[in-house]
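Each chain, letter by letter, is given below.
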Amino acid sequence: MGNLVRAECFKLLKPLLYKILLFCSVVTGCLFSIMSIMAGSGNTGYLQILDSMGSIFFNAMFGGGLAAVFICSEFEERTFGISLSCGVSRRNIFIAKVIVFLIGMFSLLIVWTVAMVTVNSFVNGFGKVSYIDVILQISYGLAGYAAQGAVIILVAVIIKKMALTVFICMGFTYIFSIMKENPQFYGNSGIPFFIKYIYLYQIELFKVHEGGMFYEDGFNGSVYLIIMFITFILALIAALFIFEKTELK
């Protein structure tokens, strides 16, 4: 497994596309933060951690882009068969892909967040908060990354096409955000109860959190982590099932 993971790391780091994604994450992070400050945002560096790590659209954009170049490209170029011909099991191929994909996605999103936090801290200061609070919020953000990344893997395994995977990841996330911000979509009854327990909704709540354990609508960190964990496990189980049933050439 170790050799397989190293091989997948080589596949991720060798192409120019991943380096371009890293560069874009830095540039867009800085530009987005600068534009927000010019528009009057007073976010401190601490608050920007929440805003950045909870930005489901940008998470989907970078995660979907990575899935396209790292997972879907192998379906389109039919290179999975090389590993199979060497006697590697489908499950081990999938596990190695998941590990390296999540490392790559975390790297992209952490770089994006660090860029934004650095700019906001330089202009507005970091804010007077304890290290425990900072670690807690980063832990929540990483849990959200993992859950959203697992769902992106599931989409990539189902769709298998690079452009369409990116489009679906970003499109679905954008539509969900619009619906959350416009309750009239749901009628007079307001947002349905079950919607509030979807991982994207929970990450959006995390984004507007301003410190401490509790969020709007009575939501708390423990429930958030449970939903992220369940989403992560179910999405990867479904993706593995589909991957094992897919004809690989």
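These numbers come from a predicted model, not from an experiment. (Residues numbered from 1 in each chain as written. Predicted model: local features only at pLDDT ≥ 70, side-chain atom pairs only at ≥ 80, totals over all residues. Heavy atoms only, no water.)

### Some remarks on the overall build of the chain
Along the chain, the regular secondary structure elements total ten helices and zero strands. For the chain, the N- to C-terminal ordering of α and β elements is α-α-α-α-α-α-α-α-α-α. Among the 249 residues that make up the chain, the fraction classed as buried is 45%. Restricting to contacts in the chain with at least 6 residues of sequence separation, those with at least 24 account for 84%. Carbon and sulfur atoms make up 71% of the accessible area of the chain, which amounts to about 12,400 Å² in all. (Helix = DSSP H or I, 4+ residues; strand = E, 2+ residues; numbered from the N terminus. Buried < 20%, exposed > 50% of the residue type's maximum accessible area, 1.4 Å probe, protein only. Contact = heavy atoms within 4.5 Å. Areas by Shrake-Rupley, 256 points an atom, 1.4 Å probe, with all protein chains shown as cover.)

### Points about the environment of Leu225
Locating Leu225 in the fold gives a position in helix H10 (residues 221–245). On the accessibility criterion, Leu225 (38% relative accessible area) is partly exposed. Placed 84 residues apart in sequence, Leu225 and Gly141 show a C-alpha to C-alpha distance of 9.9 Å. With near-sequence residues (within four places) excluded, Leu225 lies in contact with Tyr140 and Ala143.

### Quick word on the packing of helix H6 (residues 90–124) against helix H7 (residues 131–159)
Contact pair H6 / H7: the axes reach a minimum separation of 10 Å and the direction vectors enclose 130°. What the angle tells us is that H6 and H7 run oblique. Crossing geometry of H6 relative to H7 is assigned as right-handed. Seen from H6, the contacting residues are Phe94, Val98, Phe101, Leu102, Met105, Phe106, Leu109, Ile110 and Thr113; seen from H7, they are Leu142, Tyr145, Ala146, Gln148, Gly149, Ile152, Ile153 and Val157. Tallied by class, residues from the contact of H6 with H7 come to 14 nonpolar, three polar and no charged. (Axes fitted to C-alpha atoms, helices over the stretch in contact; angles between N-to-C directions. Parallel < 35°, antiparallel > 145°, perpendicular 65-115°, else oblique. Left-handed = near helix turned anticlockwise from the far one by under 90°. Nonpolar A, V, L, I, M, F, W, Y, C, P; charged D, E, K, R; others polar.)

### Quick look at the environment of Asp133
Mapped onto the elements, Asp133 comes out in helix H7. Between the C-alpha atom of Asp133 and that of Tyr46, which follows or precedes it by 87 residues, the distance is 9.3 Å.

### As for the layout of surface pockets
As a volume, the second largest pocket reaches approximately 240 Å³. Together, 13 residues line the second largest pocket, and Lys11, Pro15, Val69, Ser73 and Glu74 are the ones closest to its centre. Counting residues per element, the lining of the second largest pocket draws most heavily on helix H4 (residues 56–77), which supplies five residues. Looking at side-chain class alone, the lining of the second largest pocket contains seven nonpolar, two polar and four charged residues. (1 Å grid on protein atoms, 1.4 Å probe; cavity = no way out; pocket = protein on both sides within 12 Å on 5 of 7 lines; lining within 4 Å. Points joined across faces, edges and corners; volume = space filled by probe spheres on them.)

### What about the confidence of the model for the chain?
Confidence along the chain averages 86 in pLDDT terms, with 90% of residues attaining 70 or more. When pLDDT is averaged over each helix and strand of the chain, the minimum, 77, is found for helix H5 (residues 80–85) and the maximum, 94, for H10. For the stretch residues 211–216, pLDDT sits under 50, and the model shows 22 contacts to residues farther than four places along the chain or on other chains. (pLDDT = per-residue confidence, 0-100.)

### Brief notes about H6
With 35 residues, H6 should cover 51 Å at 1.5 Å per step; its first-to-last C-alpha distance of 50 Å lies within 8% of that length. With its phi angle positive at about 80°, Gly125 sits one or two positions after the end of H6. (Expected span 1.5 Å × (residues − 1).)

### A look at the nonpolar core
In this structure, Leu66, Phe94, Phe101, Ile153, Met228 and Phe243 are the most contacted members of the largest nonpolar core, which totals 63 residues. If we ignore the near neighbours within four places in the chain, the residues touching Phe101 are Gly63, Leu66, Ala67, Phe70, Ile71, Gly149, Ile152 and Ile153. (Core = buried A, V, L, I, M, F, W, Y, C linked by side-chain atoms within 4.5 Å.)

### Topic: unusual backbone geometry
Even without being glycine, Arg78 reaches a positive phi, approximately 55°. Looking at the element boundaries, Arg78 is found in the loop between H4 and H5. Although it is not a glycine, Lys160 adopts a positive phi angle of roughly 70°. On the secondary structure map, Lys160 appears in the loop between H7 and helix H8 (162–181).

### Here's the deal with the packing of aromatic side chains
Scanning the model with the defined rule gives 15 aromatic pairs in all. Relative to Phe58, the ring of Phe57 lies with its centre 6.0 Å away and its plane at 85°, an arrangement referred to as edge-to-face. In this structure Phe58 comes out as buried when scored by relative accessible area, which is 17%. The structure contains a cluster of three or more aromatic residues connected by ring pairs, namely Phe32, Phe57, Phe58, Phe62, Trp112 and Tyr174. One residue, Lys160, lies across the ring of Phe75, its end atom 5.4 Å from the ring centre. (Phe/Tyr/Trp six-rings, centres within 6.5 Å; stacked < 30°, edge-to-face > 60°. Lys NZ or Arg CZ within 6 Å of the ring centre and 35° of its normal.)

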